[in-house]
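Observations on the three-dimensional arrangement
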Amino acid sequence: MKKITKEVYLKWYEDMLFWRKFEDKLAAVYIQQKVRGFLHLYNGQEAVLAGSLHAMDLSKDKMITAYRNHVQPIGMGVDPRNVMAELYGKVTGTSKGMGGSMHIFSKEKGFYGGHGIVGGQIPLGAGMAFADKYFKRDAVTLCYMGDGAVRQGSLHESFNLAMLWKLPVVFICENNGYAMGTSVARTSFSTDIWKLGLGYEMPCGPVDGMDPETVAKEVSKAVERARSGGGPTFLEMKTYRYRGHSMSDAQHYRTKDEVEEYKKIDPINQVLEIIKENKYASDDEIKKINKRVKDLVTECEKFADESDYPPVQQLYDMVYEQKDYPFLPHKL
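Described in the following lines is the structure provided in the data block.

Parameters and conventions
- Residues numbered from 1 in each chain as written.
- Predicted model: local features only at pLDDT ≥ 70, side-chain atom pairs only at ≥ 80, totals over all residues.
- Heavy atoms only, no water.
- Phe/Tyr/Trp six-rings, centres within 6.5 Å; stacked < 30°, edge-to-face > 60°.
- Helix = DSSP H or I, 4+ residues; strand = E, 2+ residues; numbered from the N terminus.
- Buried < 20%, exposed > 50% of the residue type's maximum accessible area, 1.4 Å probe, protein only.
- Lys NZ or Arg CZ within 6 Å of the ring centre and 35° of its normal.
- Contact = heavy atoms within 4.5 Å.

A look at the packing of aromatic side chains
Under the defined criterion, the tally for this structure stands at 13 aromatic pairs. When the centroid spacing of 5.4 Å and the interplanar angle of 50° are considered together, the rings of Phe130 and Trp165 count as tilted. Taken together, the residues Phe130 in helix 5 (residues 121-134) and Trp165 in the loop between helix 6 (153-164) and strand 3 (169-175) connect sequence positions 35 residues apart. A residue is classified by how much of its surface remains accessible, and Trp165, at 40% relative accessible area, is partly exposed. For the ring pair Phe159 and Tyr200, a centre distance of 6.0 Å and an interplane angle of 90° mean the geometry is edge-to-face. Of this pair, Phe159 sits in helix 6 while Tyr200 sits in the loop between helix 7 (184-187) and strand 6 (204-208), and the two are 41 residues apart along the sequence. Owing to a relative accessible area of 0%, Phe159 belongs among the buried residues under this scheme. Clustering of aromatic rings is evident, with ring pairs tying together Phe130, Tyr134, Phe135 and Trp165. In this arrangement the basic side chain of Arg81 is found over the ring face of Phe303, its NZ or CZ atom lying 4.9 Å from the centre.

In structure tokens:
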């Protein structure tokens, strides 16, 4: 595994803080109706992404996830201004404003969505890994899902084929305790989701998803196994989301005290404490990081605000194209 150094901790802090503030801004502009439709925020789960990115080779590895997908592409290298513009429905967005909140996508940076169908990304992740093995690309796919998605039958089909063909994929369940508003205990006889891998003799286990260092170590093992031809791994990240399932969620299924209890182990605060304990940065240096984050969020908002909406013609270009069909001229 790549060493976890002072620089790594400082990057984790800045990245996770930016992801949190970026989405806090999205929540604010959603209330202003600048962002519409559904909005699923990642607040509280940042350590899963930070640790996973440390384990990946971003020059060739890929990532695919569900619809809680705004900060993952940023971590993979997508310009956050374009991500925010996509959420605004602007032409400068990652999909020219046509994908929106649940369908951020960047083939160039190895981020393959953003999928609104619950569990829909699981067989796609296995298929991406199959393609990498078939073409001998030496790449690994990280396929994320929520705790509700593991109830889908497609998970079992994907697990079976991934083991049968020893596909280079790491399946990661981000178990934040609630599938929308329903707790795992109400929908699953066994609350140890990681044990689903045992039926396929797939290496599996639980991971503290609130600590990026623990995540990095466990994902690194899984990535190395996949890259060396050993096949898939299934990891259950025990994490928590501080906001509702989406912005329209009234959160009647949990108490404020429960949320506050989990905030005591906030991954951003945990990383900041380690930075201070080890004197990786002075108070002034931390203030500079905080200011950079604030300024970048402001820049993203300004970029999205000032960008244009797509022209009507783009709708036809994106939806239908046929060379010998003369009735709709195309510009793309």
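Read on for the rest.
Focus on the environment of Cys173
With respect to the helices and strands, the residue Cys173 is situated in strand 3. Along the backbone, Cys173 and Thr239 are 66 residues apart, and their C-alpha atoms lie at a distance of 9.7 Å. If we ignore the near neighbours within four places in the chain, the residues touching Cys173 are Met145, Gly146, Asp147, Val150, Ile193, Phe234, Leu235, Glu236 and Met237.

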